[in-house]
Amino acid sequence: MRFTVEREHLLPALSFVRKYAAANNKIPILADVLIEAKDGRVSLTATDLDQAASDSVPAAVHLPGAATLPATVLFDVIKGASGTDVTIETDDQQARIACGKSKFKLPFMLGSDFPPLPMLTSEATTRFTIANLGEIDRCVMFAAEPDKGRYFLAGVSWKVVDDRIEFVATDGKKFSLMSIPAPVEARAMPAIIVPRFGAPAWTGDVNVFVSDLFIRYQSGEQVVASKLIEASYPDYHRLIPKNDVHLLFDRDDLVAALSRMAVATSAGDSSI
């Protein structure tokens, strides 16, 4: 394998995927990033087997091939190098990285040894576009159970109810619900539980692919996928009071009042 790619293209792609490589894993190859060079592009893939991410950039491919390199070390090497173009080539023993006057040698493993990742490529039963993906984490995820708690509450429930998608999280004390109009393509989506994972802060429309086993997000060449939590989410509608009493507050006034009251509730002084 041998290719040359612009550093300003490779570095953001590598920064994006390396966050999904496994850390301190007993399977060494999961700490690597898979690099595949062919057809004028270089694809980068990383996974911890529960989550995965991929990205690709244009490149001058002199010799097609695939290899895996240590994700964190490779990122640090290219970030600290000088020069505008990065050339990576492998032989039978090692990988050589050159960028300007900087030259490095790293161990590598065969790309064929990298685990297959059907979650990144398989067809999904439901496909639709969502515009406010980041709002789900910001408005809902805070109420989810911590990772070491009850596993079926450690994520966000996605469920189509009356032509809307409801996003719900609760830990039994906190409860948060957000809903958006369901795109026509999403109205047959099964109820799923999406675990807590690092979805990028994309702006604009994001393509969503859902199956019984995984969820996949795609924006341009960037793809992120995660296994789903295999469980049934509790009937959260029973937690919502059914009455005709509605209160309307000015948001800034309410936040200010709650902040003042929080002084007493968080001080930890029983004398207050």
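The notes below deal with the structure included here. (Residues numbered from 1 in each chain as written. Predicted model: local features only at pLDDT ≥ 70, side-chain atom pairs only at ≥ 80, totals over all residues. Heavy atoms only, no water.)

### Quick word on the packing of helix 1 (residues 7-18) against helix 2 (residues 71-80)
When two helices pack together, their arrangement is given by the angle between the helix axes and by the axis-to-axis distance. Heads up, the rule is: Axis lines are fitted through C-alpha atoms, for helices just across the contact stretch, and the angle between N-to-C directions can take any value from 0 to 180 degrees. Segments assigned H or I by DSSP are reported as helices when at least four residues long, segments assigned E as strands when at least two residues long, and all are numbered from the N terminus. Any angle from 65 to 115 degrees is called roughly perpendicular, while one under 35 is roughly parallel, one over 145 is roughly antiparallel, and all others are oblique. By convention, the crossing between two helices is left-handed when the near helix turns anticlockwise from the far helix through less than a right angle, and right-handed when the turn is clockwise. Whether two residues are in contact is decided by their heavy atoms, any of which lying within 4.5 Å being enough. Residues are grouped as follows: nonpolar covers Ala, Val, Leu, Ile, Met, Phe, Trp, Tyr, Cys and Pro; charged covers Asp, Glu, Lys and Arg; every other residue, Gly included, is treated as polar.
Running from N to C, helix 1 and helix 2 point in directions that differ by 150°, and their axes come no closer than 10 Å. As the angle between them shows, helix 1 and helix 2 are arranged roughly antiparallel. Between helix 1 and helix 2 lies a crossing of left-handed hand. Contact residues: helix 1 offers Arg7, Leu10, Leu11, Leu14, Ser15 and Arg18, while helix 2 offers Ala71, Thr72, Leu74, Phe75, Ile78, Lys79 and Gly80. Within the contact of helix 1 with helix 2, the residues separate by chemical class into 7 nonpolar, 3 polar and 3 charged.

### Some words on the sheet that holds strand 17 (residues 214-219)
This is how the line gets drawn: Think of it this way: DSSP has to see at least two bridges between two strands before they count as a pair.
Spatially, 9 strands are ordered 10-6-2-3-4-18-17-16-11 in an open sheet, and the strand pairing comes out antiparallel. Single-partner strands in this sheet number two, and they are strand 10 (109-110) and strand 11 (126-130). Bridge count for strand 16 (residues 206-210) against strand 17 is 4 bridges, and the pairing is antiparallel. By the bridge assignment for strand 17, Asn207 is matched with Gln218. Relative to strand 4 (residues 51-58), helix 1 is tilted by about 175°, and along the sheet it contacts strand 2 (32-38), strand 3 (41-47), strand 4 and strand 18 (222-227).

### Here we look at unusual backbone geometry
The backbone of Asp162 sits at a positive phi, close to 55°, despite the residue not being glycine. For Asp162, the position within the fold is in the loop between strand 12 (155-161) and strand 13 (164-170).

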